Amino acid sequence: MPNPLIADELVAGLADEVDRHLENKPWWKSVKVILFYGPAVLIAIYLTGFFLGIF
């Protein structure tokens, strides 16, 4: 079975290269915010609703 740390390092390196390659594009900051903060916001909304008994 492959070492999960190798896969983690490969994905992190790929993400860094994509970020470095696209950092000068004006639309990249908006996309990056959606990609990285969007799931966190959705999870927070879900957990808040769950603990308040809405969901």
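The structure this text deals with has already been given above.
No experiment lies behind these values; they were computed from the predicted model shown.

1. Points about the overall build of the protein
On a plain count of helices and strands, the protein comes out with 2 helices and 0 strands. Here the protein has a C-alpha radius of gyration of 16 Å; the compact-globule value for 55 residues is 10 Å, and the former is much larger. With the principal axes as the frame, the protein shows a C-alpha extent of 45 × 40 × 10 Å. Of the roughly 5200 Å² of accessible surface on the protein, a fraction of 72% belongs to carbon and sulfur atoms. Where the 4 positive side-chain charges of the protein centre and where its 6 negative ones centre are 11 Å apart.

2. Things to note about the environment of Gly38
Position of Gly38 relative to the elements: it lies in helix 2 (residues 28-52). Look at Gly38 and you get partly exposed, because its relative accessible area is 23%. Sequence-wise, Gly38 and Asn24 are 14 residues apart; in three dimensions their C-alpha atoms are separated by 22 Å.

3. Comments concerning the packing of aromatic side chains
Following the criterion strictly, the structure yields 3 aromatic pairs and no others. Both rings, one in Phe50 and one in Phe51, keep their centres 5.6 Å apart while their planes meet at 70 degrees; by these two values the pair is edge-to-face. One aromatic cluster is present, built from ring pairs that chain together Tyr46, Phe50 and Phe51.

4. Focus: a nonpolar patch on the surface
Together, Trp27, Val31, Val33, Leu35, Phe36, Tyr37, Val41, Leu42 and Ile45 give the surface a local cluster of nonpolar side chains, amounting to about 920 Å² of exposed area. Judged by relative accessible area, Phe36 falls into the exposed class, the value being 52%.

5. Remarks on helix 2
In this model, helix 2 (25 residues) spans 35 Å end to end at C-alpha, consistent with the 36 Å of a helix rising 1.5 Å per residue. Remark: the principal bend of helix 2, roughly 40 degrees, maps to Tyr37, with a proline, Pro39, within the next four residues.

6. Re helix 1 (residues 4-22)
Compared with an ideal rise of 1.5 Å per residue, which puts 19 residues at 27 Å, helix 1 spans 27 Å between its outermost C-alpha atoms and is within 8% of the ideal. Where burial is concerned, little of helix 1 is hidden: 1 out of the 19 residues are buried.

Conventions used here
- Residues numbered from 1 in each chain as written.
- Predicted model: local features only at pLDDT ≥ 70, side-chain atom pairs only at ≥ 80, totals over all residues.
- Heavy atoms only, no water.
- Helix = DSSP H or I, 4+ residues; strand = E, 2+ residues; numbered from the N terminus.
- Rg over C-alpha atoms; globule rule 2.2 N^0.38 Å.
- Areas by Shrake-Rupley, 256 points an atom, 1.4 Å probe, with all protein chains shown as cover.
- Lys, Arg positive; Asp, Glu negative; His and termini not counted.
- Charge placed at Lys NZ, Arg CZ, Asp CG, Glu CD.
- Buried < 20%, exposed > 50% of the residue type's maximum accessible area, 1.4 Å probe, protein only.
- Phe/Tyr/Trp six-rings, centres within 6.5 Å; stacked < 30°, edge-to-face > 60°.
- Patch = residues over 30% accessible without salt bridge, like charges linked within 9 Å, V, L, I, M, F, W, Y side chains within 5 Å.
- Salt bridge = Lys/Arg side-chain N within 4 Å of Asp/Glu carboxyl O.
- Expected span 1.5 Å × (residues − 1).
- Bend = angle between axes of the 7 residues up to and from the residue.

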